[in-house]
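One letter stands for each residue in the lines below.
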Amino acid sequence: MRLNKLLLPVILVGSLVLPGIAQAKQVRCEYKEEEPSKINRVVPLMRMGIKITIPSNHRAIAKKDGSVELLDSGTYNLVNCLANNPGAKGDALDYYSLIISKSKTSLLNHGLYQSLENNKIISWTIKREGESIFHTVKLRIKSKKGLVEVEQTTLGPITSEAEAKEEIKGLVEIAKHIEII
């Protein structure tokens, strides 16, 4: 008898709450990547010892690993929607961004491909795995806070010299917008 008194409220609450859960609308996270604004702003990254000029409609997101990711507002809205709505559906997370992080190497010239002005270099390393070749291209900067690396996210690994050279062009342009503080 006592068990029935305990089960009855649970059954009643379940019958009231569960239909609402079963009928909950699935969240769909959609976004449109935004073109860079013609107006810029400067983002100081004090822990990195640099400041970077970015389009005013881009976001700088501090990540748990200490890195900073720069991305457009549309992509930010998608990432934020997916993070705040577990199980939400959204477009594939193949997007362009910049990742700025402390370098794992202690040598500015490690993997040196091209020297730039003001303690900045382009690093290019090649790794072979069986029949595959992977290229890693980074902008490395020596600041008062240590070595900092800037990487562009791509839609997969860089597997050709031509792709690596395109990445290098982009990083040389980005280097012009970074100042050591």
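Residues numbered from 1 in each chain as written. Predicted model: local features only at pLDDT ≥ 70, side-chain atom pairs only at ≥ 80, totals over all residues. Heavy atoms only, no water.

(A) Layout of the sheet that holds strand β2 (residues 40-45). What the 3 strands build is an open sheet, ordered β2-β3-β12; its pairing is antiparallel. Strand pairing shows two members of the sheet lacking a second neighbour, β2 and β12 (178-180), which therefore form its edges. Direction aside, the axes of adjacent strands within the sheet are offset by 20° on average. In this structure, strand β3 (residues 50-55) lies alongside β12, joined through 3 bridges in antiparallel fashion. Across the sheet, Ile52 pairs through a bridge with Ile178, a residue of β12. (Pairing = 2+ DSSP bridges. Helix = DSSP H or I, 4+ residues; strand = E, 2+ residues; numbered from the N terminus. Axes fitted to C-alpha atoms, helices over the stretch in contact; angles between N-to-C directions.)

(B) Region of the structure containing the sheet that holds strand β8 (residues 112-116). Taking strand neighbours across the sheet as the criterion, the 7 strands line up as β4-β5-β7-β11-β10-β9-β8 in an open arrangement whose pairing is antiparallel. Both outer strands of the open sheet, β4 (58-62) and β8, are each paired with one neighbouring strand and no more. Each neighbouring strand pair of the sheet contributes to a mean axis angle of 20°, computed without reference to strand direction. When strand β7 (residues 98-102) meets strand β11 (residues 146-152), the two strands line up antiparallel, connected through 5 bridges. Counted as the bridge partner of Ile100 is Val150 from β11. Sheet strands in contact with helix α3 (residues 161-175) are β7, β8, β9 (120-129), β10 (132-143) and β11, and its direction is about 15° off that of β10. (Contact = heavy atoms within 4.5 Å.)

(C) How the structure looks around the packing of aromatic side chains. Counted under the stated rule, the structure contains 1 aromatic pair. Between Tyr113 and Trp124, the ring centres sit 4.9 Å apart and the planes meet at 70°, which makes this aromatic pair edge-to-face. Linking Tyr113 in strand β8 with Trp124 in strand β9, this pair joins segments that are 11 residues apart in sequence. Classification of Tyr113 as partly exposed rests on a relative accessible area of 41%. (Phe/Tyr/Trp six-rings, centres within 6.5 Å; stacked < 30°, edge-to-face > 60°. Buried < 20%, exposed > 50% of the residue type's maximum accessible area, 1.4 Å probe, protein only.)

(D) Examining the side chain of Thr75 more closely. With respect to the element layout, Thr75 can be found in helix α2 (residues 73-84). On the basis of relative accessibility, which here comes to 0%, the residue Thr75 falls in the buried class. Excluding anything up to four places from it in sequence, Thr75 contacts Tyr31, Glu33 and Tyr95.

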